[in-house]
Amino acid sequence: MTRLLVVHHTPSPACQELLEAVLAGAGTDELPGTVEVVTRPALTAGAADLLAADGVVLGTPANIGTMSGALKHFFDQIYYPALQDSAGLPFGLYVHGGDDTAGAVRDVLRITGGLSWEQAAAPVTTTGPPATADREAAWELGATVALRTLE
């Protein structure tokens, strides 16, 4: 079965809203096949989780101008074990920030580029409380990356 891994750090209600929207999109029955969606907090996700996945969605708050320490910890754990075996992995990213998300997006894209992952959709970024359009974009992100895992 096709597997989508959702790795997230969700310390706030805003991040939780985005996570729930991503999961709803990834689990939609509108997909032309079945995708098993596996959700892991960034502090517990590891290389075995990643290497068993056909795609990944990453979720993080923007903290002090970059991704959360939890998501950085995930990358530290998986980078070398996954470097050879995860090239071409489709991925998506969502980031919530208080007022800016650019540094977090930049840093995640730098690492995923080093891993040679393939961006399946533009990052979803939002500041402040997520609006309907933000939740819809997160749903679309989940559905798009799930669809790419089926290809």
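Above this text is the structure in question.
Below is a summary of the structure that appears in this document.

Each value, and the rule that gives it
- Residues numbered from 1 in each chain as written.
- Predicted model: local features only at pLDDT ≥ 70, side-chain atom pairs only at ≥ 80, totals over all residues.
- Heavy atoms only, no water.
- Axes fitted to C-alpha atoms, helices over the stretch in contact; angles between N-to-C directions.
- Helix = DSSP H or I, 4+ residues; strand = E, 2+ residues; numbered from the N terminus.
- Parallel < 35°, antiparallel > 145°, perpendicular 65-115°, else oblique.
- Contact = heavy atoms within 4.5 Å.
- Nonpolar A, V, L, I, M, F, W, Y, C, P; charged D, E, K, R; others polar.
- Core = buried A, V, L, I, M, F, W, Y, C linked by side-chain atoms within 4.5 Å.
- Buried < 20%, exposed > 50% of the residue type's maximum accessible area, 1.4 Å probe, protein only.
- Salt bridge = Lys/Arg side-chain N within 4 Å of Asp/Glu carboxyl O.

1. Regarding the packing of helix H3 (residues 69–82) against helix H4 (residues 102–114)
Packed helices, taken two at a time, are described by the angle their axes make and the gap between the axes. In the contact formed by H3 and H4, the axes pass within 12 Å of each other and the chain directions differ by 10°. Here H3 lies roughly parallel to H4, going by the angle between them. In contact with Leu-71, Phe-75 and Tyr-79 of H3, H4 contributes Val-108, Ile-111, Thr-112 and Gly-114. Among the residues making up the contact of H3 with H4, the classes are represented as 5 nonpolar, 2 polar and no charged.

2. A word on the nonpolar core
Judged by nonpolar contacts, the single largest core of 28 residues is most densely connected at Leu-58, Phe-74, Phe-75 and Trp-117. Elements with a minimum of two residues in this core: strand E1 (2–8), helix H2 (47–51), strand E3 (55–63), H3, strand E5 (90–97) and H4. A total of 6 residues in this core trace back to one element, the largest contributor, which is H3. Setting aside residues no more than four positions away along its own chain, Phe-74 makes contact with Val-7, Ala-42, Ala-45, Gly-46, Leu-50 and Leu-58. In terms of nonpolar packing, the next biggest core, distinct from the first, is built from 17 residues, Leu-19, Ala-26, Ala-120 and Val-145 among them.

3. Quick word on the environment of Ile-64
Its location among the elements puts Ile-64 in the loop between E3 and strand E4 (66–67). Each C-alpha atom of the pair Ile-64 and Asp-100 lies 9.3 Å from the other, and the pair is 36 residues apart in sequence.

4. What to know about unusual backbone geometry
Phi at Ile-64 takes a positive value of approximately 50°, unusual for a residue other than glycine. Judged by relative accessible area, which is 88%, Ile-64 ranks as exposed. In this structure, Ser-116 takes a positive phi of about 65° despite not being glycine. Summarising the element assignment, Ser-116 is placed in the loop between H4 and strand E6 (118–119). Residue Ser-116 is classed as partly exposed on the basis of its relative accessible area, which comes to 41%.

5. Re the pattern of salt bridges
Under the criterion given, the structure shown has 8 salt bridges. Where Arg-3 meets Glu-36, a salt bridge forms, and the shortest distance between an N and an O atom there is 3.2 Å. Taken together, the residues span a long stretch of sequence, with Arg-3 in strand E1 and Glu-36 in strand E2 (residues 35–41) at a distance of 33 residues. When its relative accessible area of 26% is taken as the criterion, Arg-3 is described as partly exposed. A residue is classified by how much of its surface remains accessible, and Glu-36, at 29% relative accessible area, is partly exposed. Here Asp-76 and Lys-72 are joined by a salt bridge, their closest N and O atoms 2.6 Å apart. Note that Asp-76 and Lys-72 are positioned in helix H3 at a spacing of 4 residues, about one turn of the helix. Judged by its relative accessible area of 48%, Asp-76 falls in the partly exposed class. Take Lys-72: its relative accessible area is 35%, and that puts it in the partly exposed class.

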